[in-house]
Amino acid sequence: MRNKYIILFSTLLSILIVSSGCAISGEEKITIEVNSESEYVDTFKDLNLGILFDFNIKLPNADKSWVNLWVERYIDGELESEPLTQLSYGNSPNKVQEGHLGFGMINTSSEEMLVFLYGPSVRTNPERIEKEAKSGIISGAEYAIGNDKVELELGETKILGVYREKAGSMRTFDFQDEDSINQMIQQDDEVLLLKIKVEERIINY
């Protein structure tokens, strides 16, 4: 069963990466935008695979930029020592780069899931993550940024998406307010935070 999910994952990501590797010109700011209605998100919904956070990112100085994308996991208010999954890429041969970027969770059983990250022309292999089977748990996944384009400053850490699990009802939180995020982490049983940071990195050959 797990092999079937991995084969499907590889096919979807191959299509996604091919369509994400193009470059454009004329952008001056690093921008990221939610693709909540993209065909990749629709495929996940139609096949009931799990959850996919999909974005479009534009790097105006891709040849001098380094993108760090990772997922923090909190269980009962405690941050795990290592990211759930992480991806770093950059120094593109193109000066300007645009493409899809995101995080996916494939539910393979009640006790495990596959997670992966991707960016333009890059992706991680699906990683098997164990989870505790619980009853009476409510879960939810939400984008942490609005539907408009968001500008990213170099060195700025931005929360892009949030996945939550909790026994009982869930409160609404402001995902861009640090105090609100900390309250959510302490109140929910499990929280995943998808984060991004773009840095300047110049390689001299």
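Look above for the structure.
Note that the coordinates shown come from a computational prediction; the quantities given were computed from them, not determined experimentally.

## Remarks on the overall build of the protein chain
Next up, step 1: Within the protein chain, the secondary structure is distributed over three helices and 13 strands.
Next up, step 2: As displayed, the protein chain has an accessible area near 10700 Å², and 43% of this comes from carbon and sulfur atoms.

## Points about helix α2 (residues 39-46)
Next up, step 1: All of the buried residues along α2 are Tyr40, Val41 and Phe44. All buried residues of α2 lie within an arc of 100 degrees about the axis, which places them on one face of the element. In α2, those exposed residues whose orientation departs by more than 90 degrees from the buried face are Glu39, Lys45 and Asp46.

## Describing the nonpolar core
Proteins that are soluble and globular tend to have nonpolar side chains buried together.
Next up, step 1: Residues Ile32, Phe55, Leu101, Phe103, Leu160, Leu194 and Ile196 are the most contacted members of the largest nonpolar core, which totals 30 residues.
Next up, step 2: In this structure leucine 160 touches Ile32, Phe55, Leu69, Leu101, Tyr143, Ala144, Ile145, Leu194 and Ile196, once residues within four positions along its chain are discounted.
Next up, step 3: The next biggest cluster of nonpolar side chains, apart from the first, holds 11 residues, and it includes Val162, Phe173, Phe175 and Met184.

## Here we look at the side chain of threonine 85
Next up, step 1: Mapped onto the fold, threonine 85 is located in strand β5 (residues 85-90).
Next up, step 2: Look at threonine 85 and you get buried, because its relative accessible area is 1%.
Next up, step 3: Polar side-chain contacts of threonine 85 include one of 2.5 Å to the side chain of glutamate 127.
Next up, step 4: Not counting residues within four places of it along the chain, the set of residues in contact with threonine 85 comprises Leu69, Trp70, Val71, Phe103, Val115, Leu117, Thr124 and Glu127.

## Examining the layout of surface pockets
With a probe scaled to a water molecule rolled over the atoms, the places where space remains empty come into view.
Next up, step 1: Empty space within the largest pocket amounts to approximately 250 Å³.
Next up, step 2: Together, 14 residues line the largest pocket, and Lys131, Ile137, Ser139, Tyr163 and Glu165 are the ones closest to its centre.
Next up, step 3: Grouping the constituent residues of the lining of the largest pocket by class yields six nonpolar, four polar and four charged.
Next up, step 4: In this structure, the second largest pocket spans a volume of roughly 200 Å³.
Next up, step 5: Contributing elements (two or more residues each) for the lining of the second largest pocket: β3 (65-75), β12 (157-167), α3 (178-187) and β13 (190-200).

## Some words on a negative patch on the surface
Next up, step 1: Negative charge collects at one region of the surface, where Glu37, Glu39, Asp42 and Asp46 lie side by side.
Next up, step 2: Examined against the element boundaries, glutamate 39 turns out to sit in helix α2.
Next up, step 3: For glutamate 39, a relative accessible area of 56% puts it in the exposed group.

## Topic: the pairing of strand β6 (residues 97-109)
Next up, step 1: Counting buried positions over the 13 residues of β6 gives 11, a clear majority of the element.
Next up, step 2: Two elements, strand β2 (residues 50-59) and β6, share 10 bridges in a ladder whose sense is antiparallel. The residue bridging asparagine 56 from the neighbouring strand is histidine 100, located in β6.
Next up, step 3: Count of turn residues in the β6/strand β7 (residues 112-119) antiparallel hairpin: two residues.

Rules used in this analysis
Residues numbered from 1 in each chain as written. Predicted model: local features only at pLDDT ≥ 70, side-chain atom pairs only at ≥ 80, totals over all residues. Heavy atoms only, no water. Helix = DSSP H or I, 4+ residues; strand = E, 2+ residues; numbered from the N terminus. Areas by Shrake-Rupley, 256 points an atom, 1.4 Å probe, with all protein chains shown as cover. Buried < 20%, exposed > 50% of the residue type's maximum accessible area, 1.4 Å probe, protein only. Arc of directions from axis to C-beta. Core = buried A, V, L, I, M, F, W, Y, C linked by side-chain atoms within 4.5 Å. Contact = heavy atoms within 4.5 Å. Polar contact = N/O pair within 3.5 Å; in protein donor to acceptor, adjacent residues only side chain to side chain. 1 Å grid on protein atoms, 1.4 Å probe; cavity = no way out; pocket = protein on both sides within 12 Å on 5 of 7 lines; lining within 4 Å. Points joined across faces, edges and corners; volume = space filled by probe spheres on them. Nonpolar A, V, L, I, M, F, W, Y, C, P; charged D, E, K, R; others polar. Patch = residues over 30% accessible without salt bridge, like charges linked within 9 Å, V, L, I, M, F, W, Y side chains within 5 Å. Salt bridge = Lys/Arg side-chain N within 4 Å of Asp/Glu carboxyl O. Lys, Arg positive; Asp, Glu negative; His and termini not counted. Charge placed at Lys NZ, Arg CZ, Asp CG, Glu CD. Pairing = 2+ DSSP bridges.

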